[in-house]
There are 2 protein chains.
Amino acid sequence: MAKSNAPITEHLAYLLAQANREINRQLELRLSKEGVPVEQWRILKVLSDGDGHSMGELADAVLLNHPTLTKMIDRMVSDTLVYRVQDPNDRRKVLMFISDRGKVLCRKLNSLAVDQEEHILESYGDKSTSELKRLLESLIDSSN
Amino acid sequence: MAKSNAPITEHLAYLLAQANREINRQLELRLSKEGVPVEQWRILKVLSDGDGHSMGELADAVLLNHPTLTKMIDRMVSDTLVYRVQDPNDRRKVLMFISDRGKVLCRKLNSLAVDQEEHILESYGDKSTSELKRLLESLIDSSN
DNA sequence: CTTCAATTGTTGAATATTCAATATTTTCAA
DNA sequence: TTGAAAATATTGAATATTCAACAATTGAAG
């Protein structure tokens, strides 16, 4: 039986929040070199397969809710990193595509992100990293 | 060497964000029974040792930055869950304490949180959970 | 001692996020 | 085929968060 007076630092929810905050902070720092928030990098990365992705699909993939995504996409359209196309098969939908400029930026961001992953691998270890990834994937799976 | 064209779902930063989001969502759902956001539960839990904690200390512990914490504490003071006392030894500091009402609420919240941890233990497994916690702690350590 | 820098917490303006309502299109049952 | 319900995306108002500036106190060097 779990103890209800356990310190906050022993709760899984807290450890996840703390680790997420720290890793995200580090990534943010790298990406800020290009002046791009983490969410925009995620969006570019998802779109970089060249296929059109609907807003709903994208919102799920990048962990943003719909109105927030709409407003972020508005900014990215202004910056000509992405563009909207109405889905010809279902006119309720909007398909998002990455622009050439977006692709160029995405490549730079990818390399900054890889820098970070390599930094983690060094300080945290190859074994721990892959084991942690495996456990996280399985936690996410078991939560659906 | 890490691949820069790896899908977003393979990045540690993304897996952490996804897992954190999901677990947090579940916890939020439980705590909403008492109408309390996760951050307020964390605050109450940290303060429930009865000692006075400065705002800075508290901000670190509950993963909020200072202005956000100040405003949240303002609300909690209005709800008489916590109260401020000027630190007699260093008058720049404010020491936060939990009220009796706060303690009562905290107990209820703890039991809701324990429900969730037990639910995770069931669906995810005892072994995986403790192994994941261990790896997260070690990741956090190695990031300082 | 005095002064200047550092620490601590709060405030207000700017920014971002969320909630509820809306508009449009599609689906599907009667 | 029509009308009601569901799905999709956006908008605007309400709310929350963040950034930069500030005020108060302490520390520490000269």
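Cut-offs and rules
- Residues numbered from 1 in each chain as written.
- Chains lettered and ligands numbered in written order.
- Predicted model: local features only at pLDDT ≥ 70, side-chain atom pairs only at ≥ 80, totals over all residues.
- Heavy atoms only, no water.
- Contact = heavy atoms within 4.5 Å.
- Buried area = accessible area lost by both parts, 1.4 Å probe.
- Polar contact = N/O pair within 3.5 Å; in protein donor to acceptor, adjacent residues only side chain to side chain.
- Helix = DSSP H or I, 4+ residues; strand = E, 2+ residues; numbered from the N terminus.
- Nonpolar A, V, L, I, M, F, W, Y, C, P; charged D, E, K, R; others polar.
- Near = heavy atom within 4 Å.
- Axes fitted to C-alpha atoms, helices over the stretch in contact; angles between N-to-C directions.
- Parallel < 35°, antiparallel > 145°, perpendicular 65-115°, else oblique.
- Pairing = 2+ DSSP bridges.
- Expected span 1.5 Å × (residues − 1).
- Buried < 20%, exposed > 50% of the residue type's maximum accessible area, 1.4 Å probe, protein only.

Notes on the interface of chain B and chain A
Reasoning step 1: Opposite the 53 residues of chain B that make contact, chain A presents 53 residues.
Reasoning step 2: Per-residue buried area on chain B facing chain A is highest for Leu12, Leu63 and Tyr124 of chain B; these three make up 12% of the total on that side.
Reasoning step 3: Taken together, the links from chain B to chain A amount to 16 residue pairs in polar contact (both at pLDDT 80 or more).
Reasoning step 4: The dominant element in the side of chain B that touches chain A, judged by the number of residues it contributes, is helix α1 (residues 12-31) of chain B, at 14 residues.
Reasoning step 5: Residue composition of the side of chain B that touches chain A, grouped by class: 28 nonpolar, 13 polar and 12 charged.

What to know about the protein's contact with DNA strand D
Reasoning step 1: In the vicinity of DNA strand D lie 18 residues, with Gly56, Lys71 and Arg84 of chain A together with Lys71 and Arg92 of chain B positioned nearest.
Reasoning step 2: At a separation of 3.0 Å, a phosphate oxygen of DNA strand D approaches a polar backbone atom of methionine 55 of chain A.
Reasoning step 3: Every element with two or more residues in the surface near DNA strand D is listed here: α3 (55-62) and α4 (66-78) of chain A together with α4 (66-78) of chain B.
Reasoning step 4: Ranked by residue count, the leading element in the surface near DNA strand D is α4 of chain A, at four residues.
Reasoning step 5: Of the residues assigned to the surface near DNA strand D, the class counts are four nonpolar, six polar and eight charged.

Let's talk about the packing of helix α2 (residues 38-47) of chain A against α4 of chain A
Residue and element names in this part refer to chain A.
Reasoning step 1: Look at α2 against α4: their axes get within 11 Å of each other, and the N-to-C directions meet at 80°. Compared by their axis directions, α2 and α4 come out roughly perpendicular. In contact with Glu39, Gln40, Ile43 and Leu44 of α2, α4 contributes Leu69, Met72, Ile73 and Met76.
Reasoning step 2: Its residues assigned to classes, the contact of α2 with α4 shows six nonpolar, one polar and one charged.

Overview of the sheet that holds strand β3 (residues 94-98) of chain B
Residue and element names in this part refer to chain B.
Reasoning step 1: Taken together, the three strands give an open sheet; going across it, the order is β1-β3-β2, and neighbouring strands pair in antiparallel fashion. Edge positions in the sheet fall to β1 (53-54) and β2 (82-86), since each has one partner strand and no second.
Reasoning step 2: The sheet contacts of α4 involve β2 and β3, and relative to β2 the element is tilted by about 115°.

Side note on helix α1 (residues 12-31) of chain A
Reasoning step 1: In this model α1 of chain A runs 28 Å from its N-terminal to its C-terminal C-alpha over 20 residues, within 8% of the 28 Å that 1.5 Å per residue would give.
Reasoning step 2: Counting buried positions over the 20 residues of α1 of chain A gives 14, a clear majority of the element.

Here's the deal with the sheet that holds strand β3 (residues 94-98) of chain A
All names here are of chain A.
Reasoning step 1: Reading across the sheet, the three strands line up as β1-β3-β2 and stay open at both edges, with antiparallel pairing between neighbours. Bordering the open sheet on either side are β1 (53-54) and β2 (82-86), each of which pairs with just one other strand.
Reasoning step 2: Judged from the five bridges that link them, β2 and β3 form a sheet pairing that is antiparallel. Bridge pairing links glutamine 86 to valine 94 in β3.
Reasoning step 3: On top of the sheet, α4 reaches β2 and β3; it is set at about 115° to β2, its chief contact.

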